[in-house]
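An overview of the molecular structure
So the chains spell out like this:
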Amino acid sequence: MQSETPGEISEAQIAVHWKEEQFIDPPARFIAQANMADQGIYERFSEKNFPECFREYADLLSWDRYWHTTLDSSNPPFWKWFVGGKLNVSYNCVDRNLPKYRNKAAIIWVPEPEEEQDVIVTYQELYNKVNEFAIALSEFAGLKKGDRVTFHLPMIPALPISMLAAARLGIIHNQVFGGFSAKACAERMEDSKSHVLVTCDGYYRNGQLLDKKADADATVEEAEKHGIIVKKVLVWRRLPGKYISKSKMVEGRDHFVDELLDKVRGRKVSPLSMDAEDPLFLMYTSGSTGRPKGCQHRTGGYLAYVAGTSKFVLDIHPEDTYWCYADIGWITGHSYIVYGPLSLGATSVMYEGVPMFPDPGRPWRIAERLGVNIFHTAPTTIRMLRKAGPKEAEKYGYHFKSMTTVGEPIEPEVWKWYYEVIGKGEAVITDTYWQTENGGFLCSTLPAILPMKPGSAGPGVPGIYPVIYDEDGKEVKAGLGKAGNICIRNPWPGIMQTIWGSPERFVRQYYSKYCRDEKSKDWRDWPYFAGDGAVQAFDGYFRILGRIDDVIKVAGHRLGTKELENAALTTEGISEAAAIAQNDEMRGHVPIIYASLKPGYSPSKELEQQVISNIAKELGPIAKPHAVYIVQDLPKTRSGKIMRRVLAAIANSEEYGDVTTLANPDIVETIRKMVQEKSQGSNT
Ligand code: WT7
């Protein structure tokens, strides 16, 4: 990580002080039923047993052919896991559950309108639908093993069905978060060279019916500009037979999935036996460049890792009713709504809408009615529910045995509310730290074995050996109260294979920084650089402080500052733009844009609005900036680098420090005054 001016101290190097929180022990009742209460697991997964320890995870799966090499590290950092093994993900998540759980709920879908009926998809029904849609993908859409297919689907059962159908035939799925724009979807289609789009007619969110098919039309048009001809658009109807979009079906291009399935009703297709190393899916995420990167996840290692961590960290049993309130369009949903829980034969609850609709009691009514006993969500949701209904949960008679938080740091105060009010003091909490790139958890406690500490994720999960390095690659030892860059010393089965189409970017982004010897074939020389600042306490628990690169986490969503800036620059008259993160009580952070104008243009409210709407159009509504400040000039170093750090300090009403060495130091105070006036204006 380069700091903006030489010699400047990066965020992660600054000593961090916070009050050490007390440990809280898991309840005896939880321990008595836990999948993993054996301390010995840490010994079994210790470095001396690496990599063979991961057999324990792979053995949770059904293999068509057992592997011969657990880890092949001969071409770092392109690790290969369970080499020689063959298996199918769809078989493992669906078919193999039939003998025991045929008519048990695999997925319970809760529509947002409360008067609408739940849809219960049993394992048998999932099996039927997955087979039929797999046949549609191959026979009708002409897709085969290794091809990419793009899904732009919201939280409806069609999404997990589509994923499992693709996985059945080795078609690499690329699900684009439903809240992303048509343009963002088209760019991902272009990058992955995908010619088939799977979408739906519409869905409900916050009481509104949103038209998804209209997005698909725009995606096809946009993709064409990028040289991608979308040959087929497969449209799931939220409720079969009832079309809720205003957009017309395009003859020859658009097809209703329920009609296609009718034609193949009852037919089955054998799951294709895949190499453990065959890619399973792509998941695009933001990094420090303007182009999102396609994280390519493998078949065997990924499924083994999400099955193992779902079993031992989330403590999912087949008898549990597990609800992860996240979107399947993000990695959390792929790993911990679909693949992990279903591989264990669990019942996974899927909710279509927002937790506050129609009131903040909604999640607890769902939990009570369905008998949910494991709950999993992000701090931003917890904060929102705490603010809107601090005592709401008390009205409902559900009981959670375990709860999870993921995606951003959680304030100890919010953690305690989660524990006491939502968990009613009965549930363990796991604070799971990981990333899109990682496939599954990196740091967390094992809930029956280690005590909880509010605000700290915990140590590495079994088989993950984290370390904190300073900028020079020196280890920052535990207990010094000093922050640094968290890295993982070893490869693990869930780590992505590469960035789709950019292996050199994969090496550069995650391994170049701390690689000891680029020629080395020893994995010990290749620590994985996560891009987060962290501190480790004496007890070994890690507290994650947040991104140290150009990534902003907004309500748990990951946005690249470069992407925001590029989108702002599509506005006529804008000459330069800088995106920074402003602290936000609810959402953790929100994006703020500072922009300067080309000669001949003058600042106006309309121009600010234009920047906001262009960002929403380019990236999607989640990326909308909280404020746009049009300034005469942006503060820059003499070499012309924009001082984002100074702009961030101003937006957060913090000291911006010494700016006398800048090329244009006077502008800083002008901007500070302007921001102060504007924010006072908006408060009155
Ligand atoms: C970034 C990754 C992993 C699924 C959802 C997010 C932050 C993630 C935690 C946590 C503090 C966390 C990090 C990380 N993060 N979990 N428990 N405590 N921060 O995936 O969108 O790829 O974001 O989320 O900054 O780098 P993602």
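Here, the structure is the one placed above.
Anyway, here's the lowdown on the structure attached to this text. Only a predicted model underlies this, so the values are computations on that prediction, with no experimental measurement involved.

Re the sheet that holds strand 17 (residues 347-351)
Spatially, 5-4-17-16-18-19-20 is the arrangement adopted by the seven strands of the open sheet, whose pairing is mixed. Every interior strand has two partners, whereas the edge strands, strand 5 (119-122) and strand 20 (428-432), have only one. Put simply, the sheet's adjacent strands are angled 20° from each other on average, direction ignored. Pairing between strand 4 (residues 105-110) and strand 5: four bridges, direction antiparallel. What sits directly across from I107, in strand 5, is V121. Along the sheet, helix 13 (residues 362-370) makes contact with strand 4, strand 16 (321-324), strand 17 and strand 18 (374-377), crossing strand 4 at roughly 145°. Most of the contacts of helix 15 (residues 412-422) go to strand 19 (residues 402-406), to which it runs at about 155°, and overall it touches strand 18, strand 19 and strand 20.

Digging into unusual backbone geometry
The linkage connecting F50 with the following residue, P51, adopts the cis geometry, with an omega of 0°. As for its placement among the helices and strands, P51 is situated in the loop between helix 2 (40-44) and helix 3 (55-58). Following F357, the chain continues to P358 via a peptide bond in cis, the omega torsion being -5°. Within the secondary structure layout, P358 lies in the loop between strand 17 and helix 13. One non-glycine residue, D315, lies in positive phi territory at about 60°.

Notes on the nonpolar core
Core analysis: the largest hydrophobic core is formed by 121 residues, its most contacted members being F54, L126, F133, W236 and Y339. Discounting residues that sit within four places of it in the chain, Y339 has contacts with V89, C93, M163, L164, A167, H173, L280, F281, Y302, L303, V306 and H334. If you look at the next biggest cluster of nonpolar residues, it comprises 35 residues, including V372, A393, V414 and A448.

Let's talk about the packing of aromatic side chains
Counted according to the given criterion, the structure contains 49 aromatic pairs. The interplanar angle of 90° and the centroid separation of 5.9 Å between the aromatic rings of Y302 and Y339 together place this pair among those described as edge-to-face. Separated by 37 residues along the polypeptide, Y302 in helix 11 (residues 300-312) and Y339 in helix 12 (residues 331-343) bring together distant segments of the chain. Across this residue pair, the class does not change: Y302 and Y339 are buried. A cation sits over an aromatic face here: R237 above F256, 3.6 Å from the ring centre. Of note, K513 hangs over the ring of F529, and the distance from its end group to the ring centre comes to 5.6 Å.

Quick word on the site of the ligand
Taken together, 17 residues surround the ligand, and among them D431, T432, T436, D532 and R558 come closest. Contact between the ligand and G407: a nitrogen atom at 3.1 Å from a main-chain N or O atom of the residue. Mapped by element, the contributors of at least two residues to the shell around the ligand are helix 12, strand 20 and strand 25 (542-547). Each residue belonging to the shell around the ligand can be placed in one class, and the counts come to six nonpolar, five polar and six charged.

Rules and cut-offs
Residues numbered from 1 in each chain as written. Predicted model: local features only at pLDDT ≥ 70, side-chain atom pairs only at ≥ 80, totals over all residues. Heavy atoms only, no water. Pairing = 2+ DSSP bridges. Helix = DSSP H or I, 4+ residues; strand = E, 2+ residues; numbered from the N terminus. Axes fitted to C-alpha atoms, helices over the stretch in contact; angles between N-to-C directions. Contact = heavy atoms within 4.5 Å. Core = buried A, V, L, I, M, F, W, Y, C linked by side-chain atoms within 4.5 Å. Buried < 20%, exposed > 50% of the residue type's maximum accessible area, 1.4 Å probe, protein only. Phe/Tyr/Trp six-rings, centres within 6.5 Å; stacked < 30°, edge-to-face > 60°. Lys NZ or Arg CZ within 6 Å of the ring centre and 35° of its normal. Near = heavy atom within 4 Å. Polar contact = N/O pair within 3.5 Å; in protein donor to acceptor, adjacent residues only side chain to side chain. Nonpolar A, V, L, I, M, F, W, Y, C, P; charged D, E, K, R; others polar.

Read these as layout, nothing more, since geometry by itself doesn't imply function.
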